[in-house]
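# Structural description and commentary
Residue strings, one per chain:
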Amino acid sequence: MSVPAQDSPLVPPPAGRVRALKRHLVESLRDLREAKHPERLIQKRTAQPEGFAADVVRAGCTQCQGHCCRGGGEHAYLDDRTMARVRRDNPDLDAAGVIALYKRSVASEGYENSCLFHGRTGCTLAKPLRAELCNTYYCNGLWDFLKMRPLPDNVEVVASKGGIERRAVVKAAAREEACRWE
Ligand code: SF4
Ligand code: SF4
């Protein structure tokens, strides 16, 4: 299975980018406040792969190190739909509390110019706080694997781009428990 790869340097989050994230969250919360039917904005949770398929997906993303997260910038794909879910799940938090929750989750060291939550070992944003897109996105390599029937017993994951190449083997009988990318 082939997936892309990235190897940007890790840097502390620039203050200007964190301010841009805060502005984006303020706008998303305002959009939610102005919505006529805010409850209708909440998206259904999409089923996630399980078992061996989930192990292979994690191994792919671990070797890739988050090529697709580079598009997250200062918005992380968060919008009024995510805010509707987060407000519903955290009724004790006001808007300032929600913004503080996100600011605390910014990676202390993140990949340069990538999403502010794109840290050394993966996404630093808890899954319930992520945009639905982040929880359900699979690149072409992962999709090709997930569509296979039957699933193979062993998968070699190859993450590559330019001169970078990282590999891992995932076996159905002996799952890799050490994979940290979630
Ligand atoms: S879905 Fe995973 S493997 Fe594919 S680009 Fe994103 S991080 Fe890489
Ligand atoms: S919030 Fe997490 S999963 Fe989404 S783009 Fe940013 S680092 Fe990637």
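Refer to the structure printed above.
Please read all numbers here as calculations on a predicted model, not as lab measurements.

The rules behind the values
Residues numbered from 1 in each chain as written. Chains lettered and ligands numbered in written order. Predicted model: local features only at pLDDT ≥ 70, side-chain atom pairs only at ≥ 80, totals over all residues. Core = buried A, V, L, I, M, F, W, Y, C linked by C-beta atoms within 7 Å. Buried ≥ 20, exposed ≤ 12 C-beta atoms within 10 Å, placed from the backbone. Near = placed C-beta within 6 Å. Nonpolar A, V, L, I, M, F, W, Y, C, P; charged D, E, K, R; others polar. Helix = DSSP H or I, 4+ residues; strand = E, 2+ residues; numbered from the N terminus. Contact = placed C-beta atoms within 7 Å.

## Describing the nonpolar core
- If you look at the biggest cluster of nonpolar residues, it comprises 20 residues, and the most contacted ones within it are Leu 25, Ala 76, Met 83, Cys 115, Leu 116, Phe 117 and Leu 125.
- Of all hydrophobic cores here, the second largest spans 13 residues; its members include Cys 61, Leu 142, Phe 145 and Val 155.

## Quick word on the site of ligand 2
- Close contacts around ligand 2 come from Gly 66, Cys 69, Gly 72, Ala 76, Tyr 77, Cys 115, Phe 117, His 118, Cys 123, Leu 125, Arg 130 and Cys 134, and that covers them all.
- For the shell around ligand 2, a count of residues per class yields 8 nonpolar, 3 polar and 1 charged.

## Considerations on the site of ligand 1
- Near ligand 1 the following residues occur: Val 3, Pro 4, Gly 60, Cys 61, Cys 64, Gly 66, His 67, Cys 68, Tyr 137, Tyr 138, Cys 139 and Leu 142.
- With 3 residues, the single largest contributor to the shell around ligand 1 is helix α2 (residues 51-64).
- Residue composition of the shell around ligand 1, grouped by class: 9 nonpolar, 3 polar and no charged.

## Focus on helix α3 (residues 80-89)
- Three or more residues of α3 are buried, namely Arg 81, Thr 82, Met 83, Ala 84, Val 86 and Arg 87.
- For α3, the elements touching its buried residues are α1 (15-34), α4 (95-105) and α5 (132-136).

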